[in-house]
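Next come the chains, spelled out residue by residue.
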Amino acid sequence: YRLGGTGEAPLLPNATPLADPYAGLQRSLTPSVTISLPGATPRGIAAAADGSLYIADSLGHRIWHVSRQGAVLNSWGGEGAGQGQFREPWDVALDPEGNVYVADTWNHRIQKFTAQGEYLLGWGTLGQFTLGDPNGEGMFYGPRALDIGPDGYLYVTDTGNKRVQVFDTEGRFLWELGGAGRNPGQFNEPVGLAFNSSGDIVVADSWNLRVQVLLRMGTPSYQWSVPTWSIENPEDKPYLVVDTAGRTYVTDSGHGRILVFDAQGVALGALVMNQGMQFPTGLALTPDGQLFVTDSHAGTVVGFLAADLGF
């Protein structure tokens, strides 16, 4: 420090680029199928028991139902706030009966449909609340992801409110977990969530640059860092899925790849596509272990055979 000054801009040190911790684990795969959805921006994806796929299209404000070979079986939606309409849906989930739940992100609500796309019910509205405020039960600020837990309840990442809310399948609020912060069990921009074979909740805690594993009621179990996620790009919203062996597959959109971790969070691989993935976002595993990935910028969904994943 010194008194006075010359009026010239001070010289700042150049930022030291961080080494990519997953560069040596990269593995290039050839997709078994590429499904094109012209004009769509596919985000979250869910696999039905028959292997068909439901895909949230945020740009088209609709849900696509396609076969695993890419044949369009159905689609529904359109931009708006009415029943069966959407404003940037980002994720879908299926219950054991085949009903479809949609994170209708900028309508700040959840909608439920039959497997054929017939509207059943919806709940939620815009509200910014901290954890524990009873006035915020069932209100959302940009829900991004959802999944049916092994207990049969619907878990929703209420991303803007830094929490996960839990509902029964009729939309009744049950409990919440998380809250804003960096401590274990707290979140900053939680997005993707899934469940491991023990029934624990696995959450992509994106702006804390980590994956957290929590017990059913939110007690933190363990975590691991994912330092390559971006906190500058608002579109970089990581999703994840867990296979039957406990491996967690996580999208690393800005690097065009899927990161794979073992059940303890040790990195096993970084999967890329031979032709390159532009912006991988959503992930789904079919009952026979085929991995499907949405490429939001390419408007495609690519599938990889279980035998080709190499784990």
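Residues numbered from 1 in each chain as written. Predicted model: local features only at pLDDT ≥ 70, side-chain atom pairs only at ≥ 80, totals over all residues. Heavy atoms only, no water.

Novice: Can you break down the overall build of the protein chain residue by residue, with the values?
Specialist: In terms of regular secondary structure, the protein chain is built from 1 helix and 25 strands. Rg of the C-alpha trace for the protein chain: 20 Å, near the compact-globule value of 19 Å for 311 residues, within the 12% margin. Taken across its 311 residues, the protein chain has 55% of its residues classed as buried. In the protein chain, the proportion of contacts linking residues at least 24 apart, taken out of those at least 6 apart, comes to 46%. Only carbon and sulfur atoms are counted for the fraction: they give 51% of the accessible area of the protein chain, which is about 13,400 Å². Where the 18 positive side-chain charges of the protein chain centre and where its 31 negative ones centre are 4 Å apart. (Helix = DSSP H or I, 4+ residues; strand = E, 2+ residues; numbered from the N terminus. Rg over C-alpha atoms; globule rule 2.2 N^0.38 Å. Buried < 20%, exposed > 50% of the residue type's maximum accessible area, 1.4 Å probe, protein only. Contact = heavy atoms within 4.5 Å. Areas by Shrake-Rupley, 256 points an atom, 1.4 Å probe, with all protein chains shown as cover. Lys, Arg positive; Asp, Glu negative; His and termini not counted. Charge placed at Lys NZ, Arg CZ, Asp CG, Glu CD.)

Novice: Give me unusual backbone geometry: which residues, what numbers.
Specialist: The phi torsion at Glu88 lies on the positive side, around 55 degrees, for a residue other than glycine. Positionally, Glu88 belongs in the loop between β6 (72-77) and β7 (89-94). Assessed through its relative accessible area of 30%, Glu88 is described here as partly exposed. In this structure, His108 is a non-glycine residue whose phi angle is positive, near 55 degrees. Along the chain, the position of His108 falls in the loop between β8 (100-104) and β9 (109-113).

Novice: Which residues make up the sheet that holds strand β19 (residues 240-242), and what are the values?
Specialist: Reading across the sheet, the 5 strands line up as β1-β22-β21-β20-β19 and stay open at both edges, with mixed pairing between neighbours. Every interior strand has two partners, whereas the edge strands, β1 (26-29) and β19, have only one. The sheet shows a mean angle of 25 degrees between the axes of neighbouring strands, direction not considered. In this sheet, strand β22 (residues 267-273) lies alongside β1 in parallel orientation, the contact comprising 4 bridges. (Pairing = 2+ DSSP bridges. Axes fitted to C-alpha atoms, helices over the stretch in contact; angles between N-to-C directions.)

Novice: Help me get a handle on the pairing of strand β4 (residues 53-57), residues and values and all.
Specialist: Judged by how many residues are buried, β4 sits mostly within the fold: 5 of 5 residues are covered. Burial of β4 is two-sided: the residues Leu53, Ile55 and Asp57 facing one way and the residues Tyr54 and Ala56 facing the other way are all buried. As judged from the 4 bridges shared by strand β3 (residues 42-47) and β4, these two strands associate in the antiparallel manner. Bridging from a neighbouring strand, Ala47 pairs with Leu53 of β4.

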